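# Summary of structural features
Next come the chains, spelled out residue by residue.
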Amino acid sequence: MAAMPDKGQQRSVYHGKVVVGDALFAGVALTVSGPLSILQGITAITRDRVFSALGYAYRFDLTAWGWIHLVIGVALFVVGVGILLDMVWARGAGIAVAGISLITQFMFVPYYPVWSIIVMAFDLLIVWSLSRSFHPAAGGR
């Protein structure tokens, strides 16, 4: 029997599964949250007078807060893309990075309270959605 050519089917270099459900939400949420943290970090770095809080226990120089948010934002975005590409490492990294983002937003509450609380809730949803079906032995599924 002669081999039949594949007509009408395109082959993809990427052979991963389509990400759906909780992982899709978390991937999109991380890829949105990352650039927002990056923009927040850039604002803090370039305009030291935008955010201010007097007498706060977690008080850093605002430029330092800007760099913290910038680095975390890049990590959030990279992990979000990893989740959307169904990378094995991305779920665990997503839980860790969203947790770190949650902690830093908590520490940033006096500087920008409403925004920090919104991002904290978003980070909690990301952690919850990634940890709902996280089984490291099952290849991240």
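Residues numbered from 1 in each chain as written. Predicted model: local features only at pLDDT ≥ 70, side-chain atom pairs only at ≥ 80, totals over all residues. Heavy atoms only, no water.

To continue, consider the nonpolar core. Formed by 14 residues in total, the largest nonpolar core has its most connected members in Leu 30, Leu 76, Val 79, Ile 83, Ile 126 and Leu 130. Broken down by secondary-structure element, the contributors of at least two residues to this core are helix H1 (21-46), helix H2 (62-84), helix H3 (90-108) and helix H4 (113-131). Sequence-distant contacts of Leu 30, that is, excluding residues within four places in its chain, are made with Pro 35, Leu 76, Phe 77, Val 79, Gly 80, Ile 83, Gly 94, Ile 126 and Leu 130. With six residues, the next largest nonpolar core counts Ala 44, Trp 65, Met 107 and Tyr 111 among its residues. (Core = buried A, V, L, I, M, F, W, Y, C linked by side-chain atoms within 4.5 Å. Buried < 20%, exposed > 50% of the residue type's maximum accessible area, 1.4 Å probe, protein only. Helix = DSSP H or I, 4+ residues; strand = E, 2+ residues; numbered from the N terminus. Contact = heavy atoms within 4.5 Å.)

The next subject is H1. An α-helix turns once every 3.6 residues. As a result, residues three or four positions apart point the same way. If you check H1, its first and last C-alpha atoms are 38 Å apart, about what 26 residues at 1.5 Å a residue would give, namely 38 Å. Turning to H1, its buried residues are Ala 23, Ala 26, Gly 27, Ala 29, Leu 30, Thr 31, Ser 33, Gly 34, Ser 37, Gln 40, Gly 41 and Ala 44. Buried residues along H1 sit in contact with H2, H3 and H4. (Expected span 1.5 Å × (residues − 1).)

This paragraph deals with the pattern of salt bridges. Counting across every chain of the model gives one salt bridge. Notably, a salt bridge pairs Arg 132 with Asp 22, separated by 2.6 Å at the nearest N-O pair. Residue Arg 132 is located in the segment after H4, and its partner Asp 22 is located in helix H1; the two are separated by 110 residues in the primary sequence. (Salt bridge = Lys/Arg side-chain N within 4 Å of Asp/Glu carboxyl O.)

Further remarks concern the confidence of the model for the chain. Low pLDDT marks stretches whose predicted atomic positions should not be read closely. In the predicted model, the chain carries a mean pLDDT of 80, and 72% of its residues have values of at least 70. Within the chain, the element-level pLDDT minimum falls on H1, averaging 89, and the maximum on H3, averaging 92. For residues 10-14, every residue scores under 50 in pLDDT, and the model assigns this stretch three contacts once sequence neighbours within four places are set aside. (pLDDT = per-residue confidence, 0-100.)

Moving on, we get to unusual backbone geometry. Residues other than glycine seldom take positive phi values, yet Asp 86 does so here, at roughly 60°. For Asp 86, the position within the fold is in the loop between H2 and H3.

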